[in-house]
Amino acid sequence: EPEVTQTPSHQVTQMGQEVILRCVPISNHLYFYWYRQILGQKVEFLVSFYNNEISEKSEIFDDQFSVERPDGSNFTLKIRSTKLEDSAMYFCASKVLAGGTYYGQYFGPGTRLTVT
Amino acid sequence: AQTVTQSQPEMSVQEAETVTLSCTYDTSESDYYLFWYKQPPSRQMILVIRQEAYKQQNATENRFSVNFQKAAKSFSLKISDSQLGDAAMYFCAYRTQGGSEKLVFGKGTKLTVNP
């Protein structure tokens, strides 16, 4: 069964450094998302991406964050200058709408980001 | 804005027994989707079951079923014949209509399965 993949599985970085989290969505999916989950808390929406542009972003997704689909397969989340509070699990998700049936969003395994 | 509430931070069940996890939500939309996701210790998010609001019939997936009460805005998950592998965090989620159709999650219920 096709799945969403994410790399790396764990990233440790120092405060102020830039990080890029990578995702490969399922190949026929059209909508892409980033969510984050601070340890012990609920999953929160960050941004959605469709047709090569951001379709919606949350208040968490400030100027330090950016997303890109540099080629036909990868979907990246960049944090320009990481803060301690950016430490979290970051999930990529994708979905397809086929013939009017909604199959739900499929999540990748997540990237654990630790900012020291 | 839509909100999702899971009032049970933790639940436990004996292996082979049945357990029900509660979820309520608040929305002014008439058509929407609801989901239950499972998050085992690996922290991967696994889609367990989905329900379309326009369908009166409750969704089922093997040992998992939901009790969807639209008027009450309630969406509980029933796990029958619980197995050790069912132990996980369970998140209820609401899919917003229009726009990006993002998911709004509840805070989760930690399910422990006792042998």
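Residues numbered from 1 in each chain as written. Chains lettered and ligands numbered in written order. Predicted model: local features only at pLDDT ≥ 70, side-chain atom pairs only at ≥ 80, totals over all residues. Heavy atoms only, no water.

Participant: So what about the overall build of chain A? Which residues, and what values?
Facilitator: Across its full length, chain A holds zero helices and 13 strands. Listing each helix as α and each strand as β along chain A from the N terminus yields β-β-β-β-β-β-β-β-β-β-β-β-β. Here chain A has a C-alpha radius of gyration of 14 Å; the compact-globule value for 116 residues is 13 Å, and the two agree. A principal-axis box enclosing the C-alpha atoms of chain A has dimensions of 45 × 25 × 25 Å. When each of the 116 residues of chain A is scored for burial, the buried share is 45%. Expressed as a percentage of contacts within chain A between residues at least 6 apart in sequence, the contacts between residues at least 24 apart total 54%. With the model as given, the accessible surface of chain A reaches about 5800 Å², and the carbon-plus-sulfur share is 46%. (Helix = DSSP H or I, 4+ residues; strand = E, 2+ residues; numbered from the N terminus. Rg over C-alpha atoms; globule rule 2.2 N^0.38 Å. Buried < 20%, exposed > 50% of the residue type's maximum accessible area, 1.4 Å probe, protein only. Contact = heavy atoms within 4.5 Å. Areas by Shrake-Rupley, 256 points an atom, 1.4 Å probe, with all protein chains shown as cover.)

Participant: Residue-level account of the state of the cysteines, with values.
Facilitator: Applying the stated rule across the entire model yields two disulfides over all chains. Paired by a disulfide, C23 of chain A and C92 of chain A hold their sulfur atoms 1.9 Å apart. Because the sign of the S-S torsion sets the handedness, a value of about -65° for the bond joining C23 of chain A and C92 of chain A places this disulfide among the left-handed ones. Pair noted here: C23 of chain A is in strand β3 (residues 19–24) and C92 of chain A is in strand β9 (residues 88–95), with a separation of 69 residues, a long-range link. The buried category is assigned to C23 of chain A, whose relative accessible area is 1%. With a relative accessible area of 0%, C92 of chain A lands in the buried category. Two residues share a disulfide in this structure: C23 of chain B and C92 of chain B, whose sulfurs sit 2.0 Å from each other. (Disulfide = S-S within 2.5 Å.)

Participant: Residue-level account of the sheet that holds strand β7 (residues 65–68) of chain A, with values.
Facilitator: Strand pairing in a sheet relies on backbone hydrogen bonds. The paired strands run either parallel or antiparallel. All names here are of chain A. Taken together, the four strands give an open sheet; going across it, the order is β1-β3-β8-β7, and neighbouring strands pair in antiparallel fashion. A single partner strand is all that each edge strand has here, and the edge strands are β1 (5–7) and β7. For this sheet, the mean angle separating the axes of adjacent strands, direction not counted, is 20°. (Pairing = 2+ DSSP bridges. Axes fitted to C-alpha atoms, helices over the stretch in contact; angles between N-to-C directions.)

Participant: Pulling in residues and values, what's your account of the interface of chain B and chain A?
Facilitator: Of the residues lining the interface, 19 residues belong to chain B; the matching set on chain A comes to 24 residues. Across the chain B to chain A interface the summed buried area is about 1900 Å²; carbon plus sulfur atoms make up 53%. By the criterion of area lost to chain A, the three top residues of chain B are R43, S100 and F105 of chain B, representing 32% of everything that side buries. Linking chain B to chain A there are two salt bridges. One salt bridge in this structure joins K95 of chain A and E101 of chain B, with 2.9 Å as the shortest N-O distance. Applying the counting rule to chain B against chain A returns seven residue pairs in polar contact (both at pLDDT 80 or more). (Buried area = accessible area lost by both parts, 1.4 Å probe. Salt bridge = Lys/Arg side-chain N within 4 Å of Asp/Glu carboxyl O. Polar contact = N/O pair within 3.5 Å; in protein donor to acceptor, adjacent residues only side chain to side chain.)

Participant: Talk me through the packing of aromatic side chains; I want residue IDs and the actual numbers.
Facilitator: Enumeration according to the criterion identifies 21 aromatic pairs over all chains in this entry. Aromatic side chains Y31 of chain A and Y50 of chain A sit 4.5 Å apart centroid to centroid with 10° between the ring planes, which places their arrangement in the stacked category. Of the two residues, Y31 of chain A sits in strand β4 (residues 31–37) while Y50 of chain A sits in strand β5 (residues 44–50), which places them 19 residues apart along the sequence. Pairwise contacts between aromatic rings join Y33, Y35, F45, F91 and F107 of chain A together with Y33, F35, Y37, F91 and F105 of chain B into one cluster. The ring of Y31 of chain A is capped by K95 of chain A, whose NZ or CZ atom sits 3.7 Å from the centre of that ring. K102 of chain B extends its terminal NZ or CZ atom over the ring of F45 of chain A, reaching a point 5.5 Å from the ring centre. (Phe/Tyr/Trp six-rings, centres within 6.5 Å; stacked < 30°, edge-to-face > 60°. Lys NZ or Arg CZ within 6 Å of the ring centre and 35° of its normal.)

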